[in-house]
Every structure is written in structure tokens, then in C-alpha cells.
Amino acid sequence: MTPRWLIRLAVPYLGCLMIDTTMRVSHAKATRELGWTPVYRNLSEGLGLG
């Protein structure tokens, strides 16, 4: 993992945005309002591993 200070030094604006930003999302709300359903049951199945 890259140290935070190095990210800020390399890309100041984007680095701060990546480090300091959190996005809380609701799976239930997205499913309900967008009518989304997953194509695969889990990650392994989606990647063709299981």
C-alpha cells in the first residue's frame, strides 16, 4: 500500500480527494430505486472461478 504522504505529493488534488473522501451508499436503496439485481451470485462465479 502506498503511503498517504506519497500520494499527496505525487497528485496533490486527486490524492487528497482519494484519501479524504468517503462515500456511503445503500445497497438496499440502490436495488429498490434502480431495480438492479446482480447477474452472478458472488465474485467467484462472476469471474468464472466457481
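Treat the numbers as computed from the prediction; the structure is a model and nothing was measured.

(A) Seen up close, a nonpolar patch on the surface. Taken together, the side chains of Val-11, Tyr-13, Leu-14 and Leu-17 define a hydrophobic patch exposed on the protein surface, amounting to about 410 Å² of accessible area. The residue Leu-17 is located in helix α2 (residues 12-20) in this model. Given the relative accessible area of 41%, Leu-17 is considered partly exposed.

(B) Geometry of helix α3 (residues 27-34). Little of α3 is tucked away: 0 of the 8 residues are buried. Downstream of α3 by a residue or two, Gly-35 has a phi angle that is positive, lying close to 70°.

(C) Examining the confidence of the model for the protein more closely. Looking at the protein, pLDDT values average 81 and 96% of them are 70 or higher. Looking across the protein, the model is least confident in α2, with a mean pLDDT of 70, and most confident in helix α4 (residues 43-46), with 89.

Basis of the calculations
Residues numbered from 1 in each chain as written. Predicted model: local features only at pLDDT ≥ 70, side-chain atom pairs only at ≥ 80, totals over all residues. Heavy atoms only, no water. Patch = residues over 30% accessible without salt bridge, like charges linked within 9 Å, V, L, I, M, F, W, Y side chains within 5 Å. Areas by Shrake-Rupley, 256 points an atom, 1.4 Å probe, with all protein chains shown as cover. Salt bridge = Lys/Arg side-chain N within 4 Å of Asp/Glu carboxyl O. Helix = DSSP H or I, 4+ residues; strand = E, 2+ residues; numbered from the N terminus. Buried < 20%, exposed > 50% of the residue type's maximum accessible area, 1.4 Å probe, protein only. pLDDT = per-residue confidence, 0-100.

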